[in-house]
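This is what each chain is made of:
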Amino acid sequence: MASRYFISHSNKLEDSNLVLEVVVPKLREKGINIYEQDDLQAGTQVLPAITSLVDKADKTLLFLTENSLGSSWCSFEMLISLEKSQRTNRLAVVLLLHKIEESQLPHLAVLQETRKIYFDEEKEDWVREVAEALRETKTIGDIMPAGNVAHGLVWSHYSGFLQYVLPVLEKTVQESAWYRSLTDEVRNKVSFKLYELVPKTCAVKYNIPNEDKNIKEVQTFKIMAVMRGGNHREISVTMYSITIGQETFYCMCEFPSVIGTMKVMEDNHLARFSHTYPGKVGKDGGFTTAAQFTTDDKKLQLGRFYYTMNSTLNHFEKCFNTARVLLYNDEKKVISEVLMEAVKEDLKDEISPEKKLKEGLFPPKVDKLESVEENVYDYEVFVACTDHPEDEKRANEIISYLTKNGIPDSDILHNEKLLAGTYFADRLVAASKQCRWFIFLLTKHALKDESLNFNVLSALGDSIYNKKVRVIPVVDQCDDLHIPEALRWITYIPFDDQKKKHLKSLYSIVSGRDTPMETQMILPAGDVANGLAWGYVTNYLRKILPDILKEIIPAFERKGTADFKCPHKLYIIIPKSCNAGHVLEDNNGRIVNFTKTAPIYPFGNKRSVISNIYKVSSSSFFRKKELYFVGQYAAPVTCLGEMKEWKIAGVNDDTIGLEAERFYGIVSQLMKNAAPDQAQFCEFIYYDDTTHSLADIMEQEINEQCTD
């Protein structure tokens, strides 16, 4: 079937004439088939008809002018076209710009990466370029490999570290000789929480006392040894003293190493590396890369990281109230100040659990990262909902809770303050420009409203385009829930009509407090693999390779093994099932754990990294040498397997294989591009462990790498 394309343009006469009299005829000469307005079925409602047409079209050509940028309908057509790109993982949009500059375009990430062509009625170049762009096939992964990094980083950190530490932390400290030796007075100044330091710059510090003279290391607690992803790991946590003036308090803290991923991406412009565009030729000629990961991108991801980490910590009962995320501006505050403030506040709350909720509004955490307030808002919050009585009741319940807990009524934008009689969409537009936080009730009634995407997305354009972490969808949990990609901004908060936990979560976000958010995350699985891959490459593989391989020969010498084949590579094993908890194994027992590499310490002297050396029994009776390899499961695969068991973030029996394959595709490409110097020292092995033998795969790999 021949490809057909849809053209979105403003209905202003000048734009319509150009499209109908110039653009369409010129493209038809190049064999491009265009859907006509006549293709909209007579008698159907316009909105679903256009949605259907965009969905049927192979691609949408957006004819962008000053008029179309100001048109809500064009915004809607643009957004559903971008939605289609996200949903199908295939870029479905081409931009044709007329008398506007690229800088005027909305700052949606996918839009920034889309092919942009300038229309000039006096020239013909644009015709060829548009025809080529409409026909070419690119995946979203090709042009935006970074995706949503933050969610995957959170899960990586929780799965690989926090889940082991937090449930036993307080008991470990209380039973230690160090704690038992303290006087009661000093014990009252010890916090049992783990403080997760998340600085604005994302600079990770492994030796905290070296960074701040007010902080001293007083005790290290060995938590446990775990076998994870085929690696043996010793886990420990350090207690520090913080002294400012005459006051001394004690706490445990760390910089989550995963956040360093975002700094690496920013510093090395790694986020969007895999596609180049002809055109903007640099001084050396050639091609220019797509847009880089910017400071604004990092700020967005930091906001997501903060809210997602809070939600994760409080999703698991065993971790509730055991840790606290401290998001701070390290260009203005030193570590000891941040810790002292948090520890004193927490210890005070433990003594007097009835918190003062009437203290007034705290600035939101992400806004506090800025040296100066970037935006001034007339109101702090607006609650948007349909006019269905159930939705209005829920909205009023939220507003009542916020005001009861200290947010002044004057800081809440009420519907009656908006222009009466105006369209719902217009009221949302007005509200989005006046409020810091925009809470949207995504209920079954809202989902039935066929104009939902149009109203919400056009209203929230400013917030979305400028990458502000401001949109809070509150959702009904149902199997057929589809939330527009552009609204996947922080974390969805599900309604809890029995215990009303969603009210506390909303208050926590809007007030900027560190009140625990008791919200079950319902993040889609597709938001996880990107962050897992980025964190694994930038924060692990780049740091351990090739050093972890240096002790291969000495390891064999210690075992008295002389005649062997063992490639000088680390093999990262990715089974489709994600069953990857312990040492590598094969169904027929042909892979055995032989020995370990010597420990290395890329993350400071308290965390060693080792890998196992495995022996493979050959399938041939005529082998001349024993076969060995250095290998381990990819830790993110272990994380995915655990997420399936936790029944969280959309990872289940049906999706886990797709997520594993998606992770493999991202991580293998990312290693080549983001860490080319280290890429030669590792190899990714993805296979279906229900149908294939890892021993057969590794035997072939070893023989190909090591010829006799």
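Residues numbered from 1 in each chain as written. Predicted model: local features only at pLDDT ≥ 70, side-chain atom pairs only at ≥ 80, totals over all residues. Heavy atoms only, no water.

Draft legend 1. Focus on the overall build of the protein. Summing up its helical and strand segments, the protein has 28 helices and 23 strands in all. Looking at the protein as a whole, 56% of its 708 residues are labelled buried. In the protein, of all internal contacts separated by at least 6 residues, the share reaching a separation of at least 24 is 74%. If you sum the accessible surface of the protein, you get close to 31,400 Å²; carbon and sulfur atoms cover 47% of it. (Helix = DSSP H or I, 4+ residues; strand = E, 2+ residues; numbered from the N terminus. Buried < 20%, exposed > 50% of the residue type's maximum accessible area, 1.4 Å probe, protein only. Contact = heavy atoms within 4.5 Å. Areas by Shrake-Rupley, 256 points an atom, 1.4 Å probe, with all protein chains shown as cover.)

Draft legend 2. Structural context of the sheet that holds strand 1 (residues 4–8). If you trace the five strands from one edge of the open sheet to the other, you get 2-1-3-4-5, paired in parallel fashion. Lying at the two open borders of the sheet, with one neighbouring strand each, are strand 2 (33–34) and strand 5 (116–118). Two strands pair when backbone bridges link them, and strand 3 (residues 59–64) and strand 4 (residues 93–97) are joined in this way by five bridges, in the parallel orientation. Across the sheet, the residue bridging to Leu61 is Val94, located in strand 4. Packing of helix 1 (residues 13–29) onto the sheet brings it into contact with strand 1, strand 2, strand 3 and strand 4, and relative to strand 3 it is tilted by some 135°. Running over the sheet, helix 6 (residues 125–135) touches strand 1, strand 3, strand 4 and strand 5 and is turned about 160° from strand 5. (Pairing = 2+ DSSP bridges. Axes fitted to C-alpha atoms, helices over the stretch in contact; angles between N-to-C directions.)

Draft legend 3. Highlighting the environment of Gln174. Mapped onto the secondary structure, Gln174 falls in helix 9 (residues 169–174). In this structure Gln174 comes out as partly exposed when scored by relative accessible area, which is 35%. Separated by 18 residues in the primary sequence, Gln174 and Phe192 place their C-alpha atoms 8.7 Å from one another. In contact with Gln174, other than residues within four places in its own chain, are Tyr179, Arg180 and Phe192.

Draft legend 4. Representation of the pattern of salt bridges in the model. One pass over the structure, following the stated rule, counts 17 salt bridges. A salt bridge links Glu345 to Arg324, with the nearest nitrogen and oxygen atoms 3.2 Å apart. Highlighted residues: Glu345 in helix 15 (residues 335–351) and Arg324 in strand 12 (residues 323–328), separated in sequence by 21 residues. When its relative accessible area of 33% is taken as the criterion, Glu345 is described as partly exposed. Between Glu397 and Lys500 there is a salt bridge; the shortest N-O distance is 2.9 Å. Of this pair, Glu397 sits in helix 17 (residues 389–404) while Lys500 sits in the loop between strand 17 (493–494) and helix 22 (501–511), and the two are 103 residues apart along the sequence. Residue Glu397 is classed as partly exposed on the basis of its relative accessible area of 26%. Given a relative accessible area of 28%, Lys500 falls into the partly exposed group. One network of salt bridges, with partners in common, ties together Lys193, Arg324, Glu345 and Asp346. (Salt bridge = Lys/Arg side-chain N within 4 Å of Asp/Glu carboxyl O.)

Draft legend 5. Highlighting unusual backbone geometry. The amide bond that connects Leu545 to the next residue, Pro546, takes the cis arrangement and shows omega of 0°. With respect to the helices and strands, Pro546 occurs in the loop between helix 23 (529–544) and helix 24 (552–559). One non-glycine residue, Lys99, adopts positive backbone phi at about 60°. Checked against the element boundaries, Lys99 lands in the loop between strand 4 and helix 5 (109–113). If you check the backbone angles, Asn321 has positive phi at about 65° while not being a glycine. Relative to the elements of secondary structure, Asn321 occurs in the loop between helix 14 (295–315) and strand 12.

Draft legend 6. Representation of the environment of Ile574. Within the secondary structure, Ile574 sits in strand 19 (residues 570–575). Given a relative accessible area of 0%, Ile574 falls into the buried group. Along the sequence, Ile574 and Asp688 sit 114 residues apart, while their C-alpha atoms lie 8.8 Å from each other. When sequence neighbours within four positions are dropped, the list of residues in contact with Ile574 reads Ala634, Val637, Ala660, Phe663, Tyr664, Val667, Phe684, Ile685, Tyr686 and Tyr687.

Draft legend 7. Layout of the packing of helix 25 (residues 635–646) against helix 26 (residues 656–674). For the pair helix 25 and helix 26, the least separation of the axes is 11 Å and the interaxial angle reads 160°. Taken together, the axes of helix 25 and helix 26 lie roughly antiparallel to each other. In this structure, helix 25 meets helix 26 at a crossing whose hand is right-handed. Residues Pro636, Val637, Leu640, Gly641 and Lys644 of helix 25 form the contact with helix 26, whose own contacting residues are Ile656, Glu659, Ala660 and Phe663. Across the contact of helix 25 with helix 26, the residue classes break down as six nonpolar, one polar and two charged. (Parallel < 35°, antiparallel > 145°, perpendicular 65-115°, else oblique. Left-handed = near helix turned anticlockwise from the far one by under 90°. Nonpolar A, V, L, I, M, F, W, Y, C, P; charged D, E, K, R; others polar.)

Draft legend 8. Spatial organisation of the state of the cysteines. Here the structure, examined in full by the defined rule, presents zero disulfides. Just so you know, Cys253 is unpaired, no disulfide at all, and the nearest cysteine sulfur is the one on Cys251, 4.8 Å from it. Since its relative accessible area comes to 5%, Cys253 is described here as buried. (Disulfide = S-S within 2.5 Å.)

Draft legend 9. Summary view of the packing of aromatic side chains. Tallying each qualifying case throughout the model produces 18 aromatic pairs. Ring centres of Phe556 and Tyr628 lie 4.9 Å apart, and the angle between their planes is 75°; this geometry places the pair in the edge-to-face category. Taken together, the positions of Phe556 in helix 24 and Tyr628 in strand 22 (residues 626–633) put the pair 72 residues apart, joining distant regions of the chain. Using a relative accessible area of 1% as the deciding quantity, one classes Phe556 as buried. Here Tyr628 falls in the buried class, since its relative accessible area comes to 3%. (Phe/Tyr/Trp six-rings, centres within 6.5 Å; stacked < 30°, edge-to-face > 60°.)

Draft legend 10. Layout of the nonpolar core. Among the nonpolar cores identified, the biggest contains 148 residues, and Leu197, Phe305, Leu339, Ile439, Leu541 and Leu545 are the most heavily contacted of them. Of the residues forming this core, the biggest block, ten residues, is contributed by helix 8 (residues 149–165). Apart from residues lying up to four places away in sequence, Leu339 is in contact with Tyr195, Leu197, Ile215, Ile242, Cys251, Cys253 and Leu326. In terms of nonpolar packing, the next biggest core, distinct from the first, is built from 22 residues, Leu27, Val94, Ile117 and Trp126 among them. (Core = buried A, V, L, I, M, F, W, Y, C linked by side-chain atoms within 4.5 Å.)

Draft legend 11. Looking closely at the confidence of the model for the protein. The predicted model of the protein averages 77 in pLDDT, with 72% of residues at 70 or higher. Across residues 271–291, confidence stays below pLDDT 50; counting only partners more than four residues off in sequence or on other chains, it has 43 contacts. Contacts for the low-pLDDT stretch residues 353–361, under 50 throughout, to residues beyond four places or in other chains number 19 contacts. (pLDDT = per-residue confidence, 0-100.)

Draft legend 12. Molecular detail of helix 25. For helix 25, built from twelve residues, the straight-helix expectation of 16 Å at 1.5 Å per residue is met to within 8% by its first-to-last C-alpha distance of 17 Å. Counting buried residues along helix 25, nine of its twelve residues qualify, which places the element largely inside the surrounding structure. Taken residue by residue, helix 25 has Pro636, Val637, Thr638, Cys639, Leu640, Gly641, Glu642, Met643 and Lys644 as its buried positions. (Expected span 1.5 Å × (residues − 1).)

Draft legend 13. Structural detail: helix 23. If you check helix 23, its first and last C-alpha atoms are 21 Å apart, about what 16 residues at 1.5 Å a residue would give, namely 22 Å. Considering bend angle alone, the principal kink of helix 23 is centred on Val537 and spans about 35°. The element helix 23 is largely enclosed, with a buried count of 14 among its 16 residues. (Bend = angle between axes of the 7 residues up to and from the residue.)

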